[in-house]
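# Analysis of the macromolecular model
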Amino acid sequence: MEDTCAPALFSVLVEGLADRFEPSLCDAYARLFSQAIAHVTGADSATLVSRYERVRRPRKLKGNPKRVFVLSRITLGADVAITSVLLAAAKQRFRRAKILLAGPTKNYELFAKDRRIHHARVDYGRGSLRQRLAAAEELSALVAEPDCIVIDPDSRLTQLGLLPVCTDERYHLFESRAYGAETDKSLPELASDWASETLGASGAKPYIAVVSDKGAAPKRGPHIAVSLGVGENAAKRIADPFEEQLLGLLAKTGLPICVDKGAGGAEAERVKRAVERSGAAVTFWEGSFAGFASLIAASKLYVGYDSAGQHIAAACGVPLISVFAGFPAPRMFERWRPVGPNCQVIRVDQPDPTETIERVREALRAHKFSGMVG
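Residues numbered from 1 in each chain as written. Predicted model: local features only at pLDDT ≥ 70, side-chain atom pairs only at ≥ 80, totals over all residues. Heavy atoms only, no water.

## A few points about the overall build of the protein
Regarding its fold elements, the protein presents 14 helices and eleven strands. Against the compact-globule benchmark of 21 Å for 374 residues, the protein has a radius of gyration of 21 Å, which places it among compact chains. With respect to the principal axes defined by its C-alpha atoms, the protein has extents near 60 × 45 × 35 Å. In the protein, buried positions account for 55% of the 374 residues. As presented, the protein carries roughly 16100 Å² of accessible surface, and 50% of it is formed by carbon and sulfur atoms. The centroid of the 50 positive side-chain charges in the protein is displaced by 6 Å from the centroid of its 43 negative side-chain charges. (Helix = DSSP H or I, 4+ residues; strand = E, 2+ residues; numbered from the N terminus. Rg over C-alpha atoms; globule rule 2.2 N^0.38 Å. Buried < 20%, exposed > 50% of the residue type's maximum accessible area, 1.4 Å probe, protein only. Areas by Shrake-Rupley, 256 points an atom, 1.4 Å probe, with all protein chains shown as cover. Lys, Arg positive; Asp, Glu negative; His and termini not counted. Charge placed at Lys NZ, Arg CZ, Asp CG, Glu CD.)

This is the structure we're talking about:
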């Protein structure tokens with residue numbers, strides 16, 4: 001039963017409450033999910049909630065620890081949009097400390113070239129609730145030494161701050177779902193504000209530092225990087241024939257196009273069909289996400305749905321067109337939209353393929369492709 005219910009528990013309850021970015025729903029999440037934790041682990045739900053109420057309040061960090069653990073958000077886009085901001089702030093604030101990103105290897109690969117960032121591997125299983133909660137136990141062992149602190153960007157490793165992994169005084173939670181609730185700022189902006197308030201490090205911004213992949217970039221110079229992945233959330237897609245029309249429109253620029261095939265399976269087949277129907281000549285990317293990130297960083301333009309790629313492009317200053325659909329509340333759009341001078345974000349409230357492709361055409365004109373796409 002636990003294995004069967006876990007996907008619904010996370011997709012309906014956890015994500016359903018978190019994606020609306022309302023402080024009152026953070027309270028509801030804490031009350032409800034603490035009971036799920038108690039059912040599996042035997043912990044006292046009231047004690048979990050009481051601790052959560054304490055640690056969710058931002059406070060200035062004092063002292064100079066020897067090690068600083070910044071927790072991965074597990075999802076790649078969130079680690080660029082949010083976690084990287086806290087890594088940048090930690091580097092600024094703690095000049096001599098060893099800074100470690102705690103999380104899976106594929107997430108660390110986005111920062112592997114940064115000599116200040118080390119890896120504390122913690123895998124996160126997506127099976128039963130018990131398997132997902134096990135990551136906190138592994139993390140607790142890593143951060144057990146007294147002369148270290150934990151910076152938590154609302155990570156799944158702690159199930160959004162509910163699971164204690166160290167003493168309160170060594171733990172700092174950026175409650176991204178509630179912080180700055182009175183504003184419409186994006187998550188990178190809020191993470192930077194929190195880092196300034198808590199760490200005294202101002203101006204931190206998203207970044208990546210991937211090891212160069214010589215096989216990543218097309219051989220013919222400037223190119224367009226495209227991702228049509230939606231992370232199993234069909235609501236983020238625009239219905240056919242949008243994707244094939246999009247690829248056909250991009251082909252008119254005359255630039256080489258590299259399309260990420262995604263996670264494989266049905267998504268890869270969908271992308272392949274769209275390419276075939278478009279008639280566009282493209283190169284497929286089937287390697288690591290870090291490799292695709294380096295390809296985005298070297299591109300002349302990035303185009304995709306609301307996914308990790310848009311945050312990579314924004315962090316690298318690459319002109320981008322984000323087709324942003326499927327958000328359950330306006331505040332989610334404000335929080336997750338990529339920000340920057342080169343960001344053309346198409347907010348899709350009514351997912352009409354014809355209207356959306358025309359808005360992409362307008363965005364291409366705004367990026368100085370007007371003579372190529374009509």
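From this point on, the discussion continues.
## Comments concerning the pairing of strand β1 (residues 67-71)
Most of β1 is tucked away, with five of its five residues classed as buried. Going residue by residue along β1, you find Arg-67, Phe-69 and Leu-71 tucked away on one face and Val-68 and Val-70 tucked away on the opposite face as well. Where β1 lies against strand β2 (residues 98-103), five bridges are found, and the strand directions are parallel. Within β2, the position partnered with Arg-67 by the bridge is Lys-98. Taken together, β1, helix α4 (residues 76-93) and β2 form a β-α-β motif whose crossover is right-handed. Summarising the sheet, β1 and strand β4 (residues 148-152) pair through four bridges and their orientation is parallel. Across the sheet, the residue bridging to Arg-67 is Cys-148, located in β4. (Pairing = 2+ DSSP bridges. Right-handed = clockwise from strand over helix to strand, strands pointing away.)

## Notes on the environment of Arg-177
If you trace the backbone, Arg-177 turns up in the loop between β5 (171-173) and α7 (187-199). Setting aside residues no more than four positions away along its own chain, Arg-177 makes contact with Ala-18, Phe-21, Glu-22, Pro-23, Cys-26, Tyr-29, Tyr-52, Asp-154 and Leu-160. A polar contact of 3.3 Å, which involves the side chain of Arg-177, links it to the backbone oxygen of Leu-160. (Contact = heavy atoms within 4.5 Å. Polar contact = N/O pair within 3.5 Å; in protein donor to acceptor, adjacent residues only side chain to side chain.)

## Points about the side chain of Arg-56
Among the secondary structure elements, Arg-56 is positioned in the loop between α3 (45-55) and β1. A polar contact is formed between the side chain of Arg-56 and the side chain of Asp-27, at a distance of 2.7 Å. Leave out the neighbours within four places in its chain, and Arg-56 touches Pro-23, Cys-26, Asp-27, Leu-173 and Glu-175.

## Quick word on the pattern of salt bridges
Counted by the stated rule, this structure contains 22 salt bridges. Residues Arg-51 and Asp-168 are paired through a salt bridge, measuring 3.8 Å at the closest nitrogen-oxygen approach. Taken as a pair, Arg-51 in helix α3 and Asp-168 in the loop between β4 and β5 lie far apart in primary sequence, 117 residues in all. In this structure Arg-51 comes out as buried when scored by relative accessible area, which is 5%. By relative accessible area, which is 23% here, Asp-168 ends up partly exposed. Residue Arg-277 pairs with Asp-240 through a salt bridge whose shortest N-O separation is 3.9 Å. Here Arg-277 is found in helix α9 (residues 265-278), whereas its partner Asp-240 is found in the loop between β6 (224-227) and α8 (242-251), with 37 residues between them in sequence. One continuous salt-bridge network, built from bridges that share partners, spans Arg-237, Asp-240, Glu-243, Glu-267, Arg-270 and Arg-277. (Salt bridge = Lys/Arg side-chain N within 4 Å of Asp/Glu carboxyl O.)

## So, the side chain of Arg-67
Assignment of secondary structure puts Arg-67 in strand β1. Within the structure, the side chain of Arg-67 is placed 3.4 Å from the backbone oxygen of Leu-142, a separation counted as a polar contact. Once you skip the residues sitting within four places of it in the chain, Arg-67 turns out to touch Ala-97, Lys-98, Leu-100, Leu-142, Glu-145, Asp-147, Cys-148 and Ile-149.

## Concerning the sheet that holds strand β9 (residues 301-305)
If you trace the six strands from one edge of the open sheet to the other, you get β8-β7-β6-β9-β10-β11, paired in parallel fashion. Two strands close off the open sheet at either side, each with one partner strand: β8 (282-285) and β11 (343-347). Taking each pair of neighbouring strands and ignoring which way they run, the sheet shows an average axis angle of 15°. Note: strand β10 (residues 320-324) against β11, five bridges, orientation parallel. Bridge assignment links Leu-320 to a residue of β11, and that residue is Cys-343. Its contacts with the sheet place α8 against β6, β7 (257-260), β9 and β10, and it is angled at close to 175° to β9. (Axes fitted to C-alpha atoms, helices over the stretch in contact; angles between N-to-C directions.)

These results come straight from atomic positions and should not be treated as a statement about function.
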